[in-house]
Amino acid sequence: MKIIIISTLTKNLLFRETADKIFDEIIEKSSDNLVCIDFKNTESITRSFAHQYMIRKNHSKKQIKEINIPTNILKMFEIFNNLKKNTIEMKY
Amino acid sequence: MSLLEEYKRFEEIYLRYKNENKIDFSTINFVYPSFILPLYYLTHGKNCKMVPNKQENVNSYIVSVLGNITGNKNNKSTLCPITFLPKDESLKEKVIEKFSSVFENGKYSGGQNAFLSYIGEISDNIYQHSKFSNAYILGQRYPSKKFIEICIVDNGITIPKNFEENKIIFEKDYEAIFNAINGTTTKKDFQRGYGLCSSINMIVKGLNGEFLIASRKGVVYITPKEIKTYEIKMFKGTLIAFRIPLSEHKLDIYKYADSKGVQIQKV
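Residues numbered from 1 in each chain as written. Chains lettered and ligands numbered in written order. Predicted model: local features only at pLDDT ≥ 70, side-chain atom pairs only at ≥ 80, totals over all residues. Heavy atoms only, no water.

Asker: Explanation requested: the overall build of chain B in the structure shown.
Answerer: Within chain B one finds nine helices and seven strands. The C-alpha atoms of chain B give a radius of gyration of 18 Å, which matches the 18 Å a tight globule of 267 residues would have. Its C-alpha atoms put chain B at 55 × 40 × 40 Å along the principal axes. Counting the 267 residues in chain B, one finds 58% classified as buried. Of the contacts formed within chain B by residues at least 6 apart in sequence, a portion of 69% connects residues at least 24 apart. Accessible surface computed for chain B: about 11700 Å², of which carbon and sulfur atoms make up 49%. The average position of the 37 basic charges and that of the 28 acidic charges among the side chains of chain B differ by 3 Å. (Helix = DSSP H or I, 4+ residues; strand = E, 2+ residues; numbered from the N terminus. Rg over C-alpha atoms; globule rule 2.2 N^0.38 Å. Buried < 20%, exposed > 50% of the residue type's maximum accessible area, 1.4 Å probe, protein only. Contact = heavy atoms within 4.5 Å. Areas by Shrake-Rupley, 256 points an atom, 1.4 Å probe, with all protein chains shown as cover. Lys, Arg positive; Asp, Glu negative; His and termini not counted. Charge placed at Lys NZ, Arg CZ, Asp CG, Glu CD.)

Pasting the structure below:
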């Protein structure tokens, strides 16, 4: 399992392109099939980022798990359905 | 003076500039971002006369806004100077975060979560759709008037032109804008097209603000009570401006994030 600390890239998840970048440049290039995204210390999120993240996650062949999602970030993801049930740990 | 009146005042001064090749500030007593940013965007680098205002403080304010396009702000200032939205994606978050700091990270305009959400959403919309080569943002907090105003302009293809290129049918340009803020999109993914309307609902419905979009020959103006649409002569690009009354109320952004249309009655 590879763990990606998302807040080292950006603490504010604002743009669709940023979600694409996380997938194109990190997740899809990883040799691991199971990739863990650590959302610790992320502070804010837009609807667009959450939507693009979910689209890319649903299209990815990798198994992607999220950990340490702050409540405010999780609530936005929940709008785009089933992130919650795939989450290992929701709070930090 | 409302956001719409401010836009109309910009348009009047700009049309006079087009006819007489001079920018006449003589009758202007106060300028807001929605007036000065489009004027800067459409006239900078062009050789024209300036008619100054009789009040020195108005002139010095205009000079301070127009003279500082570095994006650097004085730490005590309530003005975030004209700032380029960078094409380089690695820089754009930093620009928005810096911009946010002038507004105390949204402390008096919905809270940090809300502020970054609507400003990020509106900026992302420009990056996603407009194909701009130049885009600028300007904002100011007015502690005594008790509101913030933010204006963003870009020289991209405009909302009506984008719809035309994607064969989305409309009659008037303001209809294209109205449809865009109500979910019509050129993108095909499920649930796309609602980012702008969720931001408008946050600003207008949630924070009791005003919101204005001008794109090519159309204007849509939204207040908590109504949506108004207008035909205009021409705006070369797209302008988005909004005002939010200062308040410490923290907005529940999730109430608006799955909006499927602007929740205001059209008149």
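Asker: Any chance you could explain the pattern of salt bridges here in plain terms?
Answerer: Enumeration over the complete set of coordinates arrives at 16 salt bridges over all chains. For Glu104(B), the salt bridge goes to Arg141(B), with nearest N and O atoms at 3.4 Å. Pair noted here: Glu104(B) is in the loop between helix 4 (89-102) and helix 5 (112-129) and Arg141(B) is in strand 4 (residues 135-142), with a separation of 37 residues, a long-range link. Accessibility expressed as a relative area gives 32% for Glu104(B), which makes it partly exposed. Residue classification places Arg141(B) among the buried positions, given a relative accessible area of 15%. The salt bridge involving Glu164(B) is made with Arg216(B); its shortest N-O contact spans 2.8 Å. Of this pair, Glu164(B) sits in helix 6 (residues 159-165) while Arg216(B) sits in strand 6 (residues 210-222), and the two are 52 residues apart along the sequence. Accessibility expressed as a relative area gives 38% for Glu164(B), which makes it partly exposed. Salt bridges sharing partners connect three or more residues here, namely Asp20(A), Asp24(A) and Arg56(A). (Salt bridge = Lys/Arg side-chain N within 4 Å of Asp/Glu carboxyl O.)

Asker: Where do I start with a positive patch on the surface in this structure?
Answerer: Residues and elements named next belong to chain B. On the surface, Lys18, Lys46, Lys233 and Lys236 cluster together to form a positively charged patch. Assignment of secondary structure puts Lys46 in the loop between helix 2 (33-43) and strand 2 (49-51). Relative accessible area serves as the criterion here: at 48%, Lys46 is assigned to the partly exposed category. (Patch = residues over 30% accessible without salt bridge, like charges linked within 9 Å, V, L, I, M, F, W, Y side chains within 5 Å.)

Asker: Before we go on, may I ask you to explain the nonpolar core in this structure?
Answerer: For soluble globular proteins, nonpolar side chains are generally found buried alongside one another. With 76 residues, the main nonpolar core has Tyr53(A), Tyr118(B), Ile119(B), Ile150(B), Phe211(B) and Phe242(B) as its most contacted residues. The residues touching Tyr53(A), leaving out its near neighbours within four places in the chain, are Ala19(A), Phe23(A), Ile37(A), Phe39(A), Ile64(A), Glu66(A) and Phe77(A). Leu3(B), Leu212(B), Tyr221(B) and Phe235(B) belong to the second largest nonpolar core, which has 35 residues in total. (Core = buried A, V, L, I, M, F, W, Y, C linked by side-chain atoms within 4.5 Å.)

Asker: Would you explain the layout of surface pockets in this entry?
Answerer: Left-over empty space is what a probe sized like a water molecule reveals as it rolls over the atoms. All names here are of chain A. The computed volume of the largest pocket comes to approximately 200 Å³. If you tally residues by element for the lining of the largest pocket, the top one is helix 1 (residues 16-27), at five residues. Taken together, the residues that form the lining of the largest pocket break down as three nonpolar, three polar and five charged. (1 Å grid on protein atoms, 1.4 Å probe; cavity = no way out; pocket = protein on both sides within 12 Å on 5 of 7 lines; lining within 4 Å. Points joined across faces, edges and corners; volume = space filled by probe spheres on them. Nonpolar A, V, L, I, M, F, W, Y, C, P; charged D, E, K, R; others polar.)

Asker: Could you clarify how one ought to interpret the interface of chain A and chain B in this entry?
Answerer: Interfaces are often sized by the accessible area lost when the parts come together. Opposite the 24 residues of chain A that make contact, chain B presents 28 residues. In total, chain A and chain B occlude about 2300 Å² of area from one another, counting both sides; carbon and sulfur atoms represent 51% of this. The largest contributions to the chain A side of the interface with chain B come from Phe15(A), Glu17(A) and Arg47(A), which together make up 31% of the buried area. For the pair chain A and chain B, the number of links is two salt bridges. For Asp124(B), the salt bridge identified is with Arg16(A), shortest N-O distance 3.9 Å. On the surface where chain A and chain B come into contact, there are ten residue pairs in polar contact (both at pLDDT 80 or more). Among the elements of the structure, helix 1, strand 4 (44-45), helix 2 (47-59) and helix 3 (71-79) of chain A are those that each provide at least two residues to the side of chain A that touches chain B. Residues of the side of chain A that touches chain B, tallied by class, amount to eight nonpolar, nine polar and seven charged. (Buried area = accessible area lost by both parts, 1.4 Å probe. Polar contact = N/O pair within 3.5 Å; in protein donor to acceptor, adjacent residues only side chain to side chain.)

Asker: In this structure, what is going on with the packing of helix 4 of chain B against helix 5 of chain B? I would like to understand it.
Answerer: What describes two packed helices is the angle between their axes and the distance between those same axes. All names here are of chain B. Direction vectors running N to C along helix 4 and helix 5 enclose 140°, while the axes themselves pass 11 Å from each other. When the interaxial angle is binned, helix 4 and helix 5 end up oblique. For the element pair helix 4 and helix 5, the recorded crossing hand is right-handed. For the pair helix 4 and helix 5, the contacting residues are Lys92, Ile96, Phe99 and Ser100 in the first and Phe115, Leu116, Ile119, Ser123 and Tyr127 in the second. Of the residues in the contact of helix 4 with helix 5, the class split is six nonpolar, two polar and one charged. (Axes fitted to C-alpha atoms, helices over the stretch in contact; angles between N-to-C directions. Parallel < 35°, antiparallel > 145°, perpendicular 65-115°, else oblique. Left-handed = near helix turned anticlockwise from the far one by under 90°.)

Asker: It is not clear to me how the state of the cysteines should be interpreted in this structure. Could you clarify?
Answerer: As used here, a disulfide is simply a covalent bond connecting the sulfur atoms of two cysteines. Residue and element names in this part refer to chain B. With the rule as written, the count across this model stands at zero disulfides over all chains. Considering cysteine sulfurs only, Cys80 is the nearest to Cys151, which forms no disulfide, with 13 Å between them. Owing to a relative accessible area of 0%, Cys151 belongs among the buried residues under this scheme. (Disulfide = S-S within 2.5 Å.)

Asker: Help me understand the side chain of Arg16(A), please; the structure alone is not making it clear to me.
Answerer: Residues and elements named next belong to chain A. Position of Arg16 among the secondary structure elements: in helix 1. What makes Arg16 buried here is its relative accessible area of 3%. A distance of 2.9 Å separates the side chain of Arg16 from the side chain of Gln52, its partner in a polar contact.

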